[in-house]
Amino acid sequence: MSDRTLGEFEELVLLMVAAYHQAAYGVLILEKLEQQLNRKLNISAIHVALKRLEGKGFVTSSYGGITNERGGRRKKLYALTAAGKKALDINYELRTGIYRQIPNISFGQ
Amino acid sequence: MNHFPPKYALKFLRWFCREDYLEEIEGDLVEVFEKRMPRSGFWAKVYFYWLVLRCFRPGFVKSFIKVNYSNTTIMFSNYLKVSWRNLLRQPFFSSLNILGLSIGMAGALIIGLFIHFELSFNRSFADSERIFRVNIDNKIAGEVNEYAAVSGPLANVMLRDFPHAESITRFRHTNSIFIRSENATHNVKEEQVVGADSAFFSFFGIDLLYGDPHSALSEVNSLVLTKSAAEKHFSIHEAVGQIMILDNDQKYWVRGIIDDFPKNSLFRDYTVLISINSFDDYDSPAWNNWNFPTFIKLNPEATKAQLDDYLATVKERYLIPWAMQFIPGLTIESAQEQERTTGNYMRFESIALTDIHLKSPNISGEFSLNGDIKDVYILSFIGLLLIFLASVNFTNLSTARSLNRVKEVGIRKTLGSHRKSLVHQFLVESGLVSFLSMVLALLLSFLVLPYFNYLSNRSLEIPAGQWQFWAVLLVATLVLSSLSGSYPALFLSRFSPIKALKGQGVQPSNGAHIRSLLVIVQFMVSVFLIASTLVVFQQLSFIRNKDLGFKKEQVVVLNDVQVLGNNALTLKQEIEKLSNVKSVSLSSYLPTPSARSGLTYFPEGHVFEPDKAIIIGQWEVDFDYLRTLGLELVAGRDFDDKLKTDSSTVILNEAAVAMLGKTPQSAIGLRLTQDFKREDKENMEFSTVIGVVKNFHFETLRNSIDGLSLVLGKEANRMMIKLETTDYSKTLEKVEQHWASVADGQPFDYYFMDDSFATTYDTEQRLSKMFIIFTLLSVFIACLGLFGLAAFNVQRRSKEVSIRKILGASVFNISVSLSAGFLRLVLLAILLATPLAWYAMNRWLQDFSYRIDLPLWVFVLSAILAIGISLLTVSYQSLRAAIRNPVHAIRNE
């Protein structure tokens, strides 16, 4: 995968994976994001983002144990990789860097 | 209400979802579902469906192509890989192979499209296989003529008493027209116009774009335009209901618009249909007015034989009773008796609509120029030859190169390859080459097709949208690759591994016989085609330069002079006054081929004696006609405008005089009549022969010269202007000014007579150009093959050459020894091909009344060409080998 860029939604999902390192899975990310963003999301959108992130090498995944929830289906747990962390750092630096360049603008309240 | 997610949604998800994603996705969806359940079970289920649908996206769908990791697949991909590497390792031979094959394929593909187009003629009409046209076959005074149009009353008669007629439609031939919309001033000329009856649309299954099919052609003064004709005047959706003016004085209503006729139909050039009852004679009972092409659609169970049987009775039931009114004493018996004694006849015949284009000659009254089944045969033959030549190259090069592959075969066999898998390997190789060639061939034909269309006067295109085309292409490629690949495959896979590895597997002579044979055949084809092309060219230039008996040079023809009315004469006098104009003549008749009718003349004293009658053409001309065209009188005199009595005189050509059984001198003063149908016999009008002109060619040179009579007439739609200068433009400019002053906005339309004569031999010209192209292609392909073989030969014998050189052989010795073998084959091919070409071209020339004798030098020249080309091809390689420093070849062992 040569494409190492992050889309906006992908970045949000990646942040969630990082926040819930090794415990993040689809529905958890969905719920947390819905809380944070205060809007309804679709679970398949999360899945698409996760698969892409995995393809880019930013997250790894492993199956969790069998529980009685979900009709006995295992959860797929996602963990941040070093490359994922680095991508987040770069994005963070980029944004704060540009943010710092904003001069004091008066919007004349 | 259960707490489980909907069964069908889950089934669907499990069916399409990638297995490695399924558990995670299914689990997450179920969890979302479970969390929603407490709120509303129904909506949770609906939402679950929605979620499953949202997962149905490319990234999550599993691959439905079953990956088959069987042995066969793996071996196949390995064959493909090896083949590809082999192609790349020998770029020179590979490109020779692919180039030759793709040129051959492209040629054959284009020919295939052409043949398909020709065979599809007139098949697009509804029930085309049940439609027949009635023709007239007529023999009078030893001359047979066929007409594509028949008597007007026939259609009604057939409809009434032929029980197998499902429907009948009738046309009426008419001339080109000038047409404009009511409020426009400028006329448009439409060349192809025909009267049609109201059954036309349903008969041929033609839909109107605008207008009502039942009424569009049923009223007097209605017309239907094709889309492209209508667009010249108005936008087509508002065309219906418009008034148009024909030939400046007739008012017609546009009642319908149809699509342009398909290019592969006999109506292809027609643009205007006029309701048939607009013609005065549409319901005339006259059986001698052969202006009505008549088509009949038979019931599904009826046969052509039944139609022909019926048509054989029409003459005695209707035509002869009608003629009895005019010819006293005529009875059915006497008519039959006359037919028997004179050998003359007239009969109605039928021809299937689908046979018209290829199986009927260009007879009088035909709708459009027909093709010729012979051209289809010749071209199919050439197409097959091209493919054959190309695959021969492939076979030759592959077997020749087998020496390089012997070790590979040995090792493969040692490692456990069966002979079968080796055969497969080589077949895959030839398949790969064939497919690459086919792709290239498609590209080539796509590029060349516009030019071919121009040459063949057709509108072919690659039917890329039709799966049948691709299927045929695929099958053809497979067949070709297995044909050309099977011999090398069997040949190569035969080697015994021990011998192959020890280097004794193949002698250089292995397969040499077959290779020689194939080279001989290739050059036979080339020599044959070169000789044929030369003969075709000789014949055509003979025709073009033959003295036609009149002077077509420096004659300008103005079209459509009839629109000037009485001003035509004024214009003629004006133009005669111009400097550089020698003479001007008004007439409708030009000595260029077109449909002509015959008129019956009886000599005085022999009226109504059928065996004394002559049927000859009659042209209405004026006083200046002979002068303007440079026709020579062999006896008598020209028309004289000072003699009033010349209105009842006639000038004959030599052929007509011969038909009368006279010499030109004795024919002068003879009195002829064509006025034998009148009631009062004693007042019958006679014309005196005052002159005899030397025969001149007015048909194509395929035909001999027919009898012809020239009489004075007033009707004229063309003006011929004989110029005395080569500075045409200045004179033409003045002519146009004079035209404009009297023509009232009618278009000025002129051409040079010698140009129009060149188009007479258009078909032959086009055919000869196609001949050249395919000849060049085949010679090129043959040379490619020879070049490859020679290159290989040199490569194989490089050590021998080097040793010979060291031992003192000269460059000349060496190149001769390398080339001689090939040259022998080419000589043999020439010996075999020459008689074949001789025979074939003799047959072709039989078609022409005026033809060359087969010149010997043509065959000598084609032999020299073949030898020259092959020598050039081979000697390049031989010389290169002979000049090379021997060290390069023998330094390593």
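Check the entry above for the structure.
Residues numbered from 1 in each chain as written. Chains lettered and ligands numbered in written order. Predicted model: local features only at pLDDT ≥ 70, side-chain atom pairs only at ≥ 80, totals over all residues. Heavy atoms only, no water.

Colleague: Before we move on, can you summarise the overall build of chain B with the specific residues and values?
Modeller: Helix and strand content of chain B: 28 helices and 26 strands. Looking at chain B residue by residue over its 893 residues, the buried ones come to 50%. Considering only intrachain contacts with a sequence separation of at least 6, the fraction spanning at least 24 residues in chain B is 79%. Surface summary for chain B: the accessible area is close to 43,200 Å², and the carbon and sulfur share equals 58%. (Helix = DSSP H or I, 4+ residues; strand = E, 2+ residues; numbered from the N terminus. Buried < 20%, exposed > 50% of the residue type's maximum accessible area, 1.4 Å probe, protein only. Contact = heavy atoms within 4.5 Å. Areas by Shrake-Rupley, 256 points an atom, 1.4 Å probe, with all protein chains shown as cover.)

Colleague: Account for the sheet that holds strand β17 (residues 581–587) of chain B, with residues named and values stated.
Modeller: Residue and element names in this part refer to chain B. One open sheet holds the four strands; their spatial order is β17-β25-β16-β26, and the pairing between them is antiparallel. Where the open sheet ends on each side, the last strands, each with one partner, are β17 and β26 (750–752). If you compare each strand with its neighbour and ignore which way they point, the axes differ by 20 degrees on average. Here β17 pairs with strand β25 (residues 718–723) via six bridges, running antiparallel. Bridge pairing in β25 links Val 581 to Leu 723. Along the sheet, helix α18 (residues 567–577) contacts β17 and β25; its crossing angle with β17, the most-contacted strand, is approximately 165 degrees. Against the sheet, helix α22 (residues 728–743) engages β16 (555–559), β17, β25 and β26, with an angle of about 25 degrees to β16. (Pairing = 2+ DSSP bridges. Axes fitted to C-alpha atoms, helices over the stretch in contact; angles between N-to-C directions.)

Colleague: Requested: an account of helix α26 (residues 811–845) of chain B, with residues and values cited.
Modeller: Helical geometry note: an α-helix holds 3.6 residues per turn, so side chains three or four residues apart project in the same direction. Along its 35 residues, α26(B) runs 47 Å from first to last C-alpha, staying within 8% of the 51 Å computed at 1.5 Å per residue. Along α26(B), the sharpest change in direction is near 40 degrees and occurs at B:Ala820. (Expected span 1.5 Å × (residues − 1). Bend = angle between axes of the 7 residues up to and from the residue.)

Colleague: Any details on the interface of chain B and chain A? Residues and values, ideally.
Modeller: Taken together, the 23 residues of chain B in the interface contact 22 residues of chain A. Regarding the contact of chain B and chain A, the summed buried area is about 1,900 Å², with carbon and sulfur atoms giving 49% of it. Seen at the junction of chain B and chain A, the total is four salt bridges. Residue A:Lys51 pairs with B:Glu24 through a salt bridge whose shortest N-O separation is 2.6 Å. Taken together, the connections running from chain B to chain A amount to eight residue pairs in polar contact (both at pLDDT 80 or more). Broken down by element, the residue count for the side of chain B that touches chain A peaks at 14 residues, all from helix α2 (residues 19–36) of chain B. Class assignment of the residues belonging to the side of chain B that touches chain A gives a composition of eleven nonpolar, one polar and eleven charged. (Buried area = accessible area lost by both parts, 1.4 Å probe. Salt bridge = Lys/Arg side-chain N within 4 Å of Asp/Glu carboxyl O. Polar contact = N/O pair within 3.5 Å; in protein donor to acceptor, adjacent residues only side chain to side chain. Nonpolar A, V, L, I, M, F, W, Y, C, P; charged D, E, K, R; others polar.)

Colleague: Provide a residue-level description of the pattern of salt bridges, including the pertinent values.
Modeller: Residues and elements named next belong to chain A. Applying the stated criterion across every chain, the model contains 37 salt bridges over all chains. A salt bridge links Lys 56 to Glu 10; its shortest N-O distance comes to 2.6 Å. Of the two residues, Lys 56 sits in helix α3 (residues 43–56) while Glu 10 sits in helix α1 (residues 8–19), which places them 46 residues apart along the sequence. The burial state of Lys 56 is the same as that of Glu 10; both residues are buried.

Colleague: If you had to explain the layout of surface pockets to someone new, which residues and values would you point to?
Modeller: Residue and element names in this part refer to chain B. The computed volume of the second largest pocket comes to approximately 1,000 Å³. Ala 108, Leu 109, Gly 112, Val 472 and Ala 476 are, among the 37 residues lining the second largest pocket, the residues nearest its centre. By residue number, the principal contributor to the lining of the second largest pocket is helix α15 (residues 467–492), which donates ten residues. Per-class residue counts for the lining of the second largest pocket are 24 nonpolar, twelve polar and one charged. (1 Å grid on protein atoms, 1.4 Å probe; cavity = no way out; pocket = protein on both sides within 12 Å on 5 of 7 lines; lining within 4 Å. Points joined across faces, edges and corners; volume = space filled by probe spheres on them.)

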